[in-house]
Amino acid sequence: GENVEQHPSTLSVQEGDSAVIKCTYSDSASNYFPWYKQELGKGPQLIIDIRSNVGEKKDQRIAVTLNKTAKHFSLHITETQPEDSAVYFCAASSGPRDDKIIFGKGTRLHILP
Amino acid sequence: GAVVSQHPSWVICKSGTSVKIECRSLDFQATTMFWYRQFPKQSLMLMATSNEGSKATYEQGVEKDKFLINHASLTLSTLTVTSAHPEDSSFYICSVPPGLAESSYEQYFGPGTRLTVT
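First things first, this report covers the structure right here in the doc. (Residues numbered from 1 in each chain as written. Chains lettered and ligands numbered in written order. Predicted model: local features only at pLDDT ≥ 70, side-chain atom pairs only at ≥ 80, totals over all residues. Heavy atoms only, no water.)

**Focus: the overall build of chain A**
And then number 1: If you tally the helices and strands in chain A, you get zero helices and eleven strands.
And then number 2: Along the chain direction, N to C, the helices and strands of chain A fall in the order β-β-β-β-β-β-β-β-β-β-β.
And then number 3: Against the 2.2 N^0.38 benchmark of 13 Å for 113 residues, chain A shows a C-alpha radius of gyration of 13 Å, consistent with a compact globule.
And then number 4: Counting over 113 residues, chain A shows a buried share of 45%.
And then number 5: When contacts within chain A are restricted to residue pairs at least 6 apart in sequence, those whose partners lie at least 24 apart make up 53%.
And then number 6: As presented, chain A carries roughly 5600 Å² of accessible surface, and 46% of it is formed by carbon and sulfur atoms. (Helix = DSSP H or I, 4+ residues; strand = E, 2+ residues; numbered from the N terminus. Rg over C-alpha atoms; globule rule 2.2 N^0.38 Å. Buried < 20%, exposed > 50% of the residue type's maximum accessible area, 1.4 Å probe, protein only. Contact = heavy atoms within 4.5 Å. Areas by Shrake-Rupley, 256 points an atom, 1.4 Å probe, with all protein chains shown as cover.)

Next up, the structure:
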């Protein structure tokens, strides 16, 4: 089955700097890669996703890149703000909609004042 | 607004009792729903796939007789933790794939239910 590795487990960045979280996946059949933000005591919230027919996607301060050959995908957050502090999860799925989503172990992001 | 709701949001039960958690899709019908479990400071681990009109599919290592899943309708799935033990204390989260559009890959997650077994 699919295995998703995520690094780092903890990341601290100065407010205004950029944060990068990296993930790898094992199943070449995976074709959908969502990223979730989870705040304490809440369910995960989708912040951006990418499908395997696209190499990069951007939404304001958030961008995701995908390298299918290397089975790598990354989340980039620019101009970080205090409200970006949370746990971020990458995930993979062989989609579409009815297929299960496998999560990475998560990255706890701290934005330092 | 919320697309998926869960009830209750938190529950405390005594060891040996059973507790039922509901997951409702508010905006669309769903023939499939997913149940996840998340221990403190850990990731979401898929427990089972809830299928409307048929038996749930459980992930390896998840006891189907302990975690009973009933997909009662196209908008409701329930997870019953039977004979709960303290080690079942966790955050239970459901997810719902949207509508019937083949192009939809996103799943919507519920707000979670915090279960504490004393």
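Picking up after the structure, the text goes on.
**Some words on the pairing of strand 6 (residues 56–59) of chain A**
Every regular strand shows the same layout, with side chains that alternate between the two sheet faces.
Residues and elements named next belong to chain A.
And then number 1: The pairing of strand 6 with strand 7 (residues 62–67) spans four bridges and is antiparallel. Looking at the pairing, glutamate 56 lines up with threonine 65 of strand 7.
And then number 2: The turn linking strand 6 back onto strand 7 is made up of two residues, and glutamine 60 within it adopts a positive phi angle of 55°. (Pairing = 2+ DSSP bridges.)

**Overview of the side chain of threonine 80 of chain B**
And then number 1: Structurally, threonine 80 of chain B is set in strand 8 (residues 76–81).
And then number 2: Each residue touching threonine 80 of chain B, except ones within four places of it in the same chain, is listed here: Ser18, Val19, Lys20, Lys66, Phe67 and Leu68 of chain B.

**Considering unusual backbone geometry**
Excluding glycine, residues mostly carry a negative phi; peptide bonds, for their part, are mostly trans.
And then number 1: The step from histidine 7 of chain A to proline 8 of chain A runs through a cis peptide bond, and the omega angle for that step is -5°.
And then number 2: In this structure, proline 8 of chain A sits in the loop between strand 1 (4–7) and strand 2 (10–14).
And then number 3: Cis peptide bonds are those with omega within 30 degrees of zero, and the linkage from histidine 7 of chain B to proline 8 of chain B qualifies with 0°.
And then number 4: Positioned with a positive phi, lysine 41 of chain B is a non-glycine residue whose angle comes to about 60°.
And then number 5: Among the structural elements, lysine 41 of chain B can be located in the loop between strand 4 (32–38) and strand 5 (45–51).
And then number 6: A relative accessible area of 78% places lysine 41 of chain B in the exposed class.

**A few points about the side chain of glutamine 6 of chain B**
Residues and elements named next belong to chain B.
And then number 1: Relative to the elements of secondary structure, glutamine 6 occurs in strand 1 (residues 4–7).
And then number 2: From its side chain, glutamine 6 meets the backbone oxygen of tyrosine 92 in a polar contact 3.0 Å long.
And then number 3: A polar contact is formed between the side chain of glutamine 6 and the side chain of threonine 113, at a distance of 3.2 Å.
And then number 4: Filtering out sequence-adjacent residues up to four positions away, glutamine 6 remains in contact with Ile21, Glu22, Cys23, Trp35, Tyr92, Ile93, Cys94, Gly110, Pro111, Gly112 and Thr113. (Polar contact = N/O pair within 3.5 Å; in protein donor to acceptor, adjacent residues only side chain to side chain.)

**So, the sheet that holds strand 7 of chain A**
Residues and elements named next belong to chain A.
And then number 1: Taken in spatial order, the five strands of this open sheet run 1-3-8-7-6, and their pairing is antiparallel. Every interior strand has two partners, whereas the edge strands, strand 1 and strand 6, have only one. Going from strand to strand, the sheet's axes swing by 15° on average, the running direction of each strand aside.
And then number 2: Of the pairings in the sheet, the one linking strand 1 to strand 3 (residues 19–25) comprises four bridges and is antiparallel in character. By the bridge assignment for strand 3, histidine 7 is matched with lysine 22. (Axes fitted to C-alpha atoms, helices over the stretch in contact; angles between N-to-C directions.)

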